[in-house]
Structures are given as C-alpha cells and as structure tokens.
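Below are the chains, spelled out letter by letter.
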Amino acid sequence: MARDLREFLKQIEQRGQLRRISALVDPNLEVAEISNRMLQQGGPALLFENVKGSPHSIAINVMGTVERICWAMNMEHPEELETLGKKLGMLQQPKPPKKISQAIEFGKVLFDVVRAKPGRDFLPLCQQVVIKDDELDLNQVPMIRPYCGDAGKIITLGLVITKDCETGTPNVGVYRLQLQSKNTMTVHWLSVRGGARHLRKAAERGKKLEVAIALGVDPLIIMAAATPIPVDLSEWLFAGLYGGSGVHLAKCKTVDLEVPADSEFVLEGTITPGEVLPDGPFGDHMGYYGGVEDSPLVRFHCMTHRRDPVYLTTFSGRPPKEEAMMAIALNRIYTPILRQQVSEIVDFFLPMEALSYKAAIISIDKAYPGQARRAALAFWSALPQFTYTKFVIVVDKSINIRDPRQVVWAITSKVDPVRDVFILPETPFDTLDFASERIGLGGRMGIDATTKVSPETDHAWGEPLESDPDVAAMVERRWAEYGLADLSLGEVDPNLFGYDIRS
C-alpha cells in the first residue's frame, strides 16, 4: 500500500473536498468549533496550516462524510462495502465449497490474504526526524481540546499499538489519550480491548508494556483498526485486505513494535502496570461529558515524525461526527457477516441518530411465527459490537429500513405493545449510557413490527392497499399528456410532511 495520509488529502482536494485554512487558529476549542459546523453541513475536510502554539498543521473532518470514507476504502458507493464484508465473512466462517465457482471464489479470497501480508520499510519516512528523552515535548503536537468542559488536550485518531508479551501477537486499536505532561498521557480503553488484555498479561509477568502511537496514517488503516470483527487476523492484514496490498511497516526506534512506515508522527513509550492517573471528563459520543476514571499512564521517551508533518485528529459528540460516518460504513461491511450468522436477516441498519449502535432496524424474510423475536435475540449475540444495542426493531423485507417514515409506519400499523414488545432486564451495558438505572447494567427492548401470521394473531390481516397495475402503467404512459412532465416525482422533501429536518 503506497498511499498515505498526504496522498489521500491530495485526492480529496482534487475532488473539491478539502479546504485549506491559512488564518491563525487555536487548537483549544476553536478548531473543533469550526469543524463541527462543517460536520453538520456534510462539508469538506479541513487543513489548518497556521496553528497557534505549534509549527505543524492539523487535518480534521477527513472522514466526515460516507462518500469520503468510501474513497478511503478505494470505492465509490457504500453498497460496494458489502463486497468487502462478504470476503471477511468467508474468512471468518469458511465453508466447504459445493461448486467449482465457489471454490474459485474462495481461492481468490485466499490469494487476497497472501497479497495483504505486510511489507517492511527499512528507511521509513516516519523517522525523518527523531526526538528523544529530555528533548521530547508532546506540546509540539497540535492536539486539540474540543469542549470547554474537557479535562485537557487529546489524541483521538492515533493507532495505539501493543504486543502480547506471551505470544508476540500485536494489537492495533483506536483509543483516546489525554495529555498529562510534556512526556506523559493517559490511555482510555475498555477492559475487553486488546491493549487492556496485553497490559494485564504484562502485569502478571512483572513487565512494562511497550506502546507505540502512530498518528496521521492513511484513513483506510484507521478503518481496519476500528473494525471489531472476531477473525484471527491482525489489523495489518485487515488493512491489506481493505486496500488490496500489504501495509508497509517500520520497526520503532526504541520499542519492539512496528508502525506504518508512512505515519506522520510516531510516539514510543511504556506503561508500568498499576501506574494510573485520573482521565476525563471528556465530551463523548452519547452527547454528554463522560466521567473521570483512573487510566493507565504512558511515559513517552521518543517521538519521530516526517518533515513538515500533518496531525490528523477528530472528536466525539452527538452525531453527526466522523465516528458516526465510520460506523455507517462499517454497518455495510457487517451486513454480509450478519446474514451469514443469522440467515433470515435480509438487511440491517444502525441509524446515526441512534448513536450508531444503540438502535438497530432489521428486515427479515418472514416464514414462520416467532421469527422476528428469534432474529432480534440472534442479533444481540451475533457480533461483540452489538452487545450494547438497546433497541432492535424487526420489520418485513418490503420495508426500506433506511427510510424512517416507512419504519415508523411499520411500528404503528403492525405492533401491539402487549404482544410484540419484549424486554430483557439487567443485561451488561455501556458504562457511558446514563439512561440506565445502574451504570453498566440495563435493559434491552425488542419490537416485532412484522406482519403477523397464525398463531401470532387469531384474525386475518388486512389486505395492503396497492394501485391497480394496469391503471398505474397507463398513468405512467400518459404522464406527459397530462401536462405534468416537468414535475419531478423523485425524493420528496420530508419537511413538506410536517417534519423539521434542517440541512
């Protein structure tokens, strides 16, 4: 994979999707305020070239639209992401081919895996400048502080790289880090994440955990690192599968870890097990400030970077945000994998307004009573990332699940709350969800909005209203004759129907 962040910025600039800002801007609050306004409008990526307190520029909102994420994945349309999902699904649960065509298809996937193997770069661009020990000052990195109630400056889109001290297997995650001093930061990760598991193993052996943070990488690699699919492949291999060729890696200067050779910045350090500092509060994806938690302290002793590096960043908050756009793209990738695990599912959608994972809408090809409830229960257990989904709404395959008007119609016309709503109490829950009575423990709701069949109901269902096909065809032919050819019958502005949806 020869492409890096700079090449992608060049690509989106040529497509009119990057704005350079030469005016002096403050990374404290101002950068996020400007970016947030762009995100609300689906606007272009921003490159701040004159940043207060730092000689380096800031790139933000790079993945602020689904269109740009598709470009990052070397695709043009979201639907193409499902092809990638099919490939990953075949690797996750390979099945013996029954036809020659299936064997050929699986062979192509295996060949893609071979091509995706990482390469090595012995003169990496990320080490053009090396700063060590007392000369290291993290304040030179133009970290932003997005909200006035945030505890400090943060890193958000850094690849946090650790290694299992027993097996040597690396983990690449995208975790938030908070600046604590000129050479220390706290890292905020959930206990189930790979980095946290590696730290526990290091603690059991009385060792420090080596850490590398790669900043300013190709967005495609970030998407690979953010894909929590239970497949025994490294994130580097994932990135190679996403991009069609292997990631170029380079060995760090002071720790036994590898990073993308074209990274803009690389921070190298260690975590001493048990050494923690308060982390937070920070604005989170739920739309509120999160709490303060004691988090592992990373002590950095080396920073390398390219000449004139570009710092890539983002921030969390109520959608739309870049993380929500990433989730929409990942939704498309998950779809074939989910179909493979729950065969009756035709399609599923995680609305951005539902924080990209709190509510799921599923369409099924209903064939028997109780199937909607089965599909909802299967969804919750299909993939780890669906563990914290609060609401699952199941509709017929005829419903366009990406049209909220159709979904609301299905709920109101097909649901009896007594019969079709079921609740699972006291299940493991997201600690950032303040709606729960007890933090970390909450309920889930399933809603069966499908057409009911016997014995789900003891009466006949009404016949759906449909146009007479012959009359509909005639009207189509005579449309211009009516003098209506100039009227478009495409997508209708929902505000005409009483909604208040502002662009």
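Residues numbered from 1 in each chain as written. Predicted model: local features only at pLDDT ≥ 70, side-chain atom pairs only at ≥ 80, totals over all residues. Heavy atoms only, no water.

(A) Layout of the overall build of the chain. Helix and strand content of the chain: 13 helices and 21 strands. Going through the 503 residues of the chain one by one, you find that 51% of them count as buried. When contacts within the chain are restricted to residue pairs at least 6 apart in sequence, long-range pairs at least 24 apart make up 70% of them. Element-wise, carbon and sulfur atoms account for 54% of the exposed surface of the chain, whose accessible area totals about 24300 Å². The averaged location of the 65 negative side-chain charges in the chain is 4 Å from the averaged location of its 56 positive side-chain charges. (Helix = DSSP H or I, 4+ residues; strand = E, 2+ residues; numbered from the N terminus. Buried < 20%, exposed > 50% of the residue type's maximum accessible area, 1.4 Å probe, protein only. Contact = heavy atoms within 4.5 Å. Areas by Shrake-Rupley, 256 points an atom, 1.4 Å probe, with all protein chains shown as cover. Lys, Arg positive; Asp, Glu negative; His and termini not counted. Charge placed at Lys NZ, Arg CZ, Asp CG, Glu CD.)

(B) Quick look at the packing of aromatic side chains. A complete count under the given rule lists 10 aromatic pairs for this structure. Geometrically, the ring pair formed by Tyr175 and Trp189 is edge-to-face, given 5.4 Å between the ring centres and 85 degrees between the ring planes. One end of the pair, Tyr175, is in the loop between strand S8 (170–174) and strand S9 (176–181); the other, Trp189, is in the loop between strand S10 (184–188) and helix H6 (194–204), and 14 residues separate them in sequence. Classification of Trp189 by relative accessible area gives buried; the value is 12%. (Phe/Tyr/Trp six-rings, centres within 6.5 Å; stacked < 30°, edge-to-face > 60°.)

(C) How the structure looks around the sheet that holds strand S13 (residues 258–260). Sheet architecture is open: three strands sit in the order S4-S12-S13, paired in mixed fashion. At either margin of the open sheet sits one strand with a lone partner, and together these are strand S4 (119–120) and S13. Of the strand pairs in this sheet, S4 and strand S12 (residues 248–251) are connected by two bridges, and their pairing is parallel. Its bridge partner being in S12, Gly119 is matched across the sheet by His248. (Pairing = 2+ DSSP bridges.)

(D) Expanded view of the sheet that holds strand S18 (residues 359–364). The mixed open sheet is built from five strands, whose spatial order is S17-S18-S19-S21-S20. Across the chains shown, the open sheet's two edge strands, defined by having one partner strand only, are strand S17 (345–349) and strand S20 (421–428). The sheet shows a mean angle of 20 degrees between the axes of neighbouring strands, taken without regard to direction. Pairing geometry for strand S19 (residues 391–396) and strand S21 (residues 441–449), over five bridges, is parallel. Each bridged residue has a counterpart across the sheet, and for Val392 the counterpart in S21 is Gly446. (Axes fitted to C-alpha atoms, helices over the stretch in contact; angles between N-to-C directions.)

(E) Here's a closer look at the nonpolar core. Counting 81 residues, the largest nonpolar core has Met73, Leu159, Ile161, Met223, Tyr242 and Phe379 as the members making the most contacts within it. Top contributing element to this core by residue count: helix H9 (residues 322–341), with nine residues. When near neighbours in sequence (up to four residues on either side) are disregarded, Phe379 contacts Leu338, Val342, Phe348, Leu350, Ala360, Ile362, Phe386, Thr389 and Val392. (Core = buried A, V, L, I, M, F, W, Y, C linked by side-chain atoms within 4.5 Å.)

(F) Molecular detail of the pattern of salt bridges. The final tally for this structure, using the stated rule, is 31 salt bridges. For Glu49, the salt bridge identified is with Arg20, shortest N-O distance 2.7 Å. Within this pair, whereas Glu49 is found in the loop between strand S2 (45–48) and strand S3 (57–60), its partner Arg20 is found in strand S1 (residues 18–21), the two being separated by 29 residues in sequence. Here Arg37 makes a salt bridge to Glu33, at a shortest N to O gap of 3.0 Å. (Salt bridge = Lys/Arg side-chain N within 4 Å of Asp/Glu carboxyl O.)

(G) Spotlight on a nonpolar patch on the surface. On the surface, a nonpolar cluster with roughly 520 Å² of combined accessible area is contributed by Val492, Leu496, Phe497, Tyr499 and Ile501. The residue Phe497 is located in the segment after helix H13 (469–478) in this model. The exposed category is assigned to Phe497, whose relative accessible area is 54%. (Patch = residues over 30% accessible without salt bridge, like charges linked within 9 Å, V, L, I, M, F, W, Y side chains within 5 Å.)

(H) Looking closely at the side chain of Arg306. Mapped onto the elements of the fold, Arg306 is located in the loop between strand S15 (293–305) and strand S16 (310–312). In terms of polar contacts, Arg306 uses its side chain to reach the backbone carbonyl oxygen of Asp262, at 3.2 Å. Each residue touching Arg306, except ones within four places of it in the same chain, is listed here: Asp4, Arg6, Leu125, Cys126, Gln128, Asp262, Ser263 and Glu264. (Polar contact = N/O pair within 3.5 Å; in protein donor to acceptor, adjacent residues only side chain to side chain.)

(I) Here's a closer look at the environment of Arg115. By secondary structure assignment, the location of Arg115 is in helix H5 (residues 100–115). Taking the C-alpha atoms as reference, Arg115 lies 7.4 Å from Gly240; in sequence the two are 125 residues apart. The residues touching Arg115, leaving out its near neighbours within four places in the chain, are Gly244, Ser245 and Gly246.

(J) Region of the structure containing unusual backbone geometry. For the bond from Gly280 to Pro281, the omega torsion is 5 degrees, close enough to zero to count as cis. Counting through the fold element by element, Pro281 comes out in the loop between strand S14 (265–279) and S15. One non-glycine residue, Asp308, lies in positive phi territory at about 50 degrees. Considering the arrangement of structural elements, one finds Asp308 in the loop between S15 and S16. Positive phi is not limited to glycine here, since Glu426 has a value of about 50 degrees. When you line up the elements, Glu426 lands in strand S20. The exposed category is assigned to Glu426, whose relative accessible area is 55%.

(K) Focus on helix H1 (residues 5–14). Along H1, the positions that sit buried rather than exposed are Leu5, Phe8, Leu9 and Ile12. One face of H1 carries all of its buried residues, which in axial projection span an arc of 100 degrees. For H1, the N-terminal cap is Asp4; the gap from its side-chain oxygen to the backbone nitrogen of Arg6 is 3.3 Å. Where H1 terminates, the next one or two residues include Gly16, which has phi positive at roughly 75 degrees. (Arc of directions from axis to C-beta.)

(L) Here's a closer look at the environment of Leu9. With respect to the helices and strands, the residue Leu9 is situated in helix H1. Distance in space between the C-alpha atoms of Leu9 and Ala367 is 49 Å, their sequence separation being 358 residues. Non-local contacts of Leu9, meaning those with residues more than four positions away in its chain, are made with Leu18, Ala59, Val62 and Val310.

(M) The arrangement of the side chain of His305 in detail. Considering the arrangement of structural elements, one finds His305 in strand S15. Discounting residues that sit within four places of it in the chain, His305 has contacts with His56, Leu125, Cys126, Gln127, Gln128, Val129, Ile131, Glu264 and Phe265.

(N) Main features of the environment of Asp396. With respect to the helices, strands and loops of the structure, Asp396 is situated in strand S19. For Asp396, a relative accessible area of 12% puts it in the buried group. Residues Asp396 and Asp448, 52 residues apart in the sequence, show an inter-C-alpha distance of 9.5 Å. Beyond its immediate chain neighbours, meaning those up to four positions away, Asp396 contacts Ser363, Ile364, Lys366, Lys414, Ala449, Thr450 and Thr451. Of the polar contacts made by the side chain of Asp396, one reaches the side chain of Thr451; its length is 2.7 Å.

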